[in-house]
Amino acid sequence: MKLSLSVLLLACAPACIAQTVAPAPAPASATVRATIMMRDPAALEVSYQIPPSCAALDFRNDGMRAETIASLRSDWTAADECTVFDGRQIRRKNASCSTLRLRVPATNRSADRVYPWAYPVERGLYVHTSAYAITDSCGPVDWTFSVPGGTVVVDGVITAQQGARSAAAGGGDAMPTVLIQQAFTPGAVPRVHASASFGPQTLAVLNTTLDSIEGLLKAELPGLPFSRPFIVATPSDHSLTYWGDVANRTVMRLAFPPAPGPEQETLLHSFVTHEMAHLTQPTDWNDSWKEDEATIGEGGAEFLRVVTAARLGWFDRAGLRDELEKAVNSCLLAADGKSWKGMRNRGWGRNPYDCGLTFYAIGLSSKLVSTTPLLRVRDYHRKGKQGERTDFARELECGGAQACEPRWLPRLAGSETLESVLLDHARQPDSLLRPTTEWTQALVKPMAFRHLALLMRADCNGSVSMYHEAAAARIASGPTCGVLRADMVVTGAEGLPLFDNANAVKASVKACREQGKTVLGLRDGRSVTLACGASVSLPARLFSVDLEQAQALAR
């Protein structure tokens, strides 16, 4: 995942704008020396050696949402008497202080589109410098990473005890690093650093999965270079949670349940393929859809995920169709009658994945050119890796041909409602889509998550925040709700399994209309009753996916 970012906006009244004075630039010779050290996996020691002219440091917070920033640094503390820290800025107490120090405890807390800042791995921590990056008001920043007697992985490069990145070399403000409390032996450090919680069977499945994916992607995307990154594998917090991300195409993080079995193998295939697919993409997109980079990146990884699974036999013949139906209808439900660009948070949560896969499927099902979908993706990614200016819609529908005009993706990105564009597409004789009012089994989960979101919005003052699990929804912290609470895990409705049985949503909607309330079942055996009403309804239209058209996308 790329994670996967926002900008902190500070309000200023008009009167103060006129009084704003630009800060004086730092002297050319001034340099800040940032050091991230791990003496023990319980915490990081983060220090900034500052020039005499510098009194305070401000965090860059690149791409981080304002509401994320306070939570991210909520448990950071000043580590000495020289340092004053308020969560937004680091200041020195007096002019004699030349180094500012923070203590950052290990944590597995996460935030959408934010890389980990002190994430526990086997005998160490995974650190991304974006959380610690500061503005250049006091000068450029040189980075050092240290584990006394241990091993350091800086941007995929494995060294003993210490690694570094100078400001002149660039990239240090957004760089993945793994700090391991284990003596370095040249050539003996495996590319997969896995938790001892994983048994031999699980690691064998993981390695076989990685090899199979890499082999197929190299064969089906010929001439597109990519290499396997350094991988950290950790047990997930919850028994049904699978997730991961790739930073700089050099470090991949995977978290999944340690218990082996058929379900684990199936889900490993799925989510590892998604992360491996990111390796085929450029690190930076120079695309006309640049503001929707999350949708392009996550949607592309999803497309390669489902095609790879189909080509390797991890799906049955209908599996690819089912995945596309889930994505199209999840995107449709999220749009809720709006245009795609009118969708709230279209670049966050599940939206980049579901809408992104929908866009790839629509664009690559185009018959405007004869090249195969996979080769169009290969050419698009290759141009991106070479830094060429690209147009997402033209590359997918037209294979990049300038004489060809893309038809559907520009409309999807325009002012029309998403539903109206999809319906128009479905009316074409060779369309991938067909309008329907019927639910297939593939749509039960998207409908369940939509229904729970409607209930949560009513109970939580308009807020919706939950984690999607395989057959449950975990309520996230943040919103102030009447009945729902953080870490409640919803599994049922009206006595039926909510994520496995279409009748559960229908029964819950009926209860809302007839009784003004509905009962949700929790994983721990308890139940809660939520007030609801006629606004909780079933969607008027859904879309099915043509089986043969779906299969053609994988050829």
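For the rest of this paragraph, the subject is the overall build of the protein chain. The number of helices and strands found in the protein chain is 14 helices and 24 strands. Its C-alpha radius of gyration of 25 Å places the protein chain within 12% of the 24 Å reference for a compact globule of 555 residues. If you line up the protein chain on its principal axes, its C-alpha atoms span 75 × 60 × 55 Å. Here the protein chain holds 555 residues, and 51% of them are scored as buried. Put simply, the protein chain shows about 23,500 Å² of open surface, and 51% of that area lies on carbon and sulfur atoms. If you average the places of the 57 positive and of the 56 negative side-chain charges in the protein chain, the two averages end up 1 Å apart.

Closest axis-to-axis distance for the helix 6 (residues 319–335)/helix 7 (residues 351–364) pair is 8 Å, and the angle between their directions is 120 degrees. Viewed along their axes, helix 6 and helix 7 form a crossing whose handedness is left-handed. Here helix 6 contributes Glu 323, Leu 324, Ala 327, Val 328, Ser 330, Cys 331 and Ala 334 to the contact with helix 7, which in turn contributes Asn 351, Asp 354, Cys 355, Leu 357, Thr 358 and Ala 361. Class assignment for the residues of the contact of helix 6 with helix 7 results in eight nonpolar, three polar and two charged.

What follows covers the sheet that holds strand 13 (residues 192–194). Across the sheet, which stays open at both edges, the four strands sit in the order 13-14-16-15 with mixed pairing between neighbours. In the strand order of this sheet, the two ends are held by strand 13 and strand 15 (243–247), each with one partner. Between one strand axis and the next, the sheet turns through 15 degrees on average, direction left out of account. Here five bridges tie strand 15 to strand 16 (residues 251–256), and the two strands are oriented antiparallel to one another. In the sheet register, Trp 243 faces strand 16, and the bridge partner there is Ala 255. Running at roughly 155 degrees to strand 13, helix 3 (residues 200–220) makes contact with strand 13, strand 14 (230–235) and strand 16 of the sheet.

Let us look at helix 4 (residues 262–278). Counted at 1.5 Å a residue, the expected span for helix 4 with its 17 residues is 24 Å, and the 25 Å between its end C-alpha atoms agrees. Tucked inside the fold, the buried residues of helix 4 contact helix 3, strand 15, strand 16, helix 5 (293–311) and helix 7.

Side chains on a regular strand alternate between the two faces of the sheet. Within strand 20 (residues 489–493), four of the five residues are buried, which leaves it mostly tucked inside the rest of the structure. With two bridges joining them, strand 19 (residues 473–475) and strand 20 adopt antiparallel strand pairing. Opposite Arg 474, over in strand 20, you have Val 489 as the bridge partner. Bridge count for strand 20 against strand 22 (residues 517–522) is three bridges, and the pairing is antiparallel. By the bridge assignment for strand 22, Val 490 is matched with Leu 522. In this sheet, strand 21 (residues 496–497) lies alongside strand 20 in antiparallel orientation, the contact comprising two bridges.

Moving on: the pattern of salt bridges. Tallying each qualifying case throughout the model produces 34 salt bridges. Linking Glu 323 and Arg 305 is a salt bridge whose minimum nitrogen-to-oxygen distance equals 2.8 Å. With Glu 323 in helix 6 and Arg 305 in helix 5, the pair connects residues that are 18 residues apart, well separated along the chain. Given a relative accessible area of 14%, Glu 323 falls into the buried group. Relative accessible area serves as the criterion here: at 8%, Arg 305 is assigned to the buried category. A cluster of three or more residues bridged by salt bridges with shared partners is formed by Asp 211, Glu 214, Lys 218 and Arg 228.

Bringing the packing of aromatic side chains into the picture now. Across all of its chains, the model carries 18 aromatic pairs by this definition. When the ring of Phe 198 is compared with that of Phe 256, the centres are 4.4 Å apart and the planes differ by 20 degrees; the resulting orientation is stacked. Here the residue Phe 198 occupies a position in the loop between strand 13 and helix 3, and Phe 256 occupies one in strand 16, the gap between them amounting to 58 residues. For the pair shown, Phe 198 and Phe 256 are each scored as buried.

The predicted model of the protein chain has a mean per-residue pLDDT of 89, with 94% of residues at 70 or higher. With pLDDT under 50 throughout, residues 1–28 is counted as low confidence; its partners more than four residues away or in other chains account for 54 contacts.

Glycine aside, a negative phi is what most residues show, and trans is what most peptide bonds show. Backbone geometry at Arg 249 places phi at a positive 60 degrees, although glycine is not the residue there. Looking at where Arg 249 falls in the secondary structure, it is placed in the loop between strand 15 and strand 16. Arg 249 gets classed as buried once you look at its relative accessible area, which sits at 18%.

Let's shift gears to the environment of Arg 450. Inspection of the secondary structure assignment puts Arg 450 in helix 12 (residues 444–459). Separated by 250 residues in the primary sequence, Arg 450 and Pro 200 have C-alpha atoms spaced 39 Å apart. There is a polar contact of 2.8 Å between the side chain of Arg 450 and the backbone oxygen of Ser 537.

For sheets, the rule is that strands pair by backbone hydrogen bonds, running either parallel or antiparallel. As summarised here, the arrangement of the three strands in space is 3-6-5, forming an open sheet in which the pairing is antiparallel. Each end of this open sheet is capped by a strand with a single partner; those strands are strand 3 (56–58) and strand 5 (83–85). Neighbour to neighbour, the strand axes of the sheet diverge by 15 degrees on average, direction disregarded. Across three bridges, the pairing between strand 3 and strand 6 (residues 89–92) is antiparallel.

This brings us to helix 6. Taking 1.5 Å as the rise per residue, helix 6 with 17 residues should run 24 Å; its terminal C-alpha atoms sit 25 Å apart, in good agreement. Within helix 6, 13 of the 17 residues are buried, which leaves the element mostly enclosed by the surrounding structure. Positive backbone phi, at 50 degrees, marks Asp 336, one or two positions downstream of helix 6.

Mapped onto the elements of the fold, Arg 73 is located in the loop between helix 2 (66–72) and strand 4 (77–78). The buried charged residue Arg 73 lacks any salt bridge, with Asp 86 as its nearest oppositely charged partner at 8.5 Å. When neighbours within four sequence positions are excluded, Arg 73 is seen to be in contact with Phe 59, Asn 61, Phe 85, Gly 87 and Ala 131.

Moving on: the environment of Glu 302. Counting through the fold element by element, Glu 302 comes out in helix 5. Classification of Glu 302 as buried rests on a relative accessible area of 7%. The spacing of Glu 302 and Phe 271 is 31 residues in sequence and 9.2 Å in space, taken between C-alpha atoms. Discounting residues that sit within four places of it in the chain, Glu 302 has contacts with His 274, Arg 350, Tyr 353 and Leu 357.

The rules behind each value
Residues numbered from 1 in each chain as written. Predicted model: local features only at pLDDT ≥ 70, side-chain atom pairs only at ≥ 80, totals over all residues. Heavy atoms only, no water. Helix = DSSP H or I, 4+ residues; strand = E, 2+ residues; numbered from the N terminus. Rg over C-alpha atoms; globule rule 2.2 N^0.38 Å. Buried < 20%, exposed > 50% of the residue type's maximum accessible area, 1.4 Å probe, protein only. Areas by Shrake-Rupley, 256 points an atom, 1.4 Å probe, with all protein chains shown as cover. Lys, Arg positive; Asp, Glu negative; His and termini not counted. Charge placed at Lys NZ, Arg CZ, Asp CG, Glu CD. Axes fitted to C-alpha atoms, helices over the stretch in contact; angles between N-to-C directions. Left-handed = near helix turned anticlockwise from the far one by under 90°. Contact = heavy atoms within 4.5 Å. Nonpolar A, V, L, I, M, F, W, Y, C, P; charged D, E, K, R; others polar. Pairing = 2+ DSSP bridges. Expected span 1.5 Å × (residues − 1). Salt bridge = Lys/Arg side-chain N within 4 Å of Asp/Glu carboxyl O. Phe/Tyr/Trp six-rings, centres within 6.5 Å; stacked < 30°, edge-to-face > 60°. pLDDT = per-residue confidence, 0-100. Polar contact = N/O pair within 3.5 Å; in protein donor to acceptor, adjacent residues only side chain to side chain.

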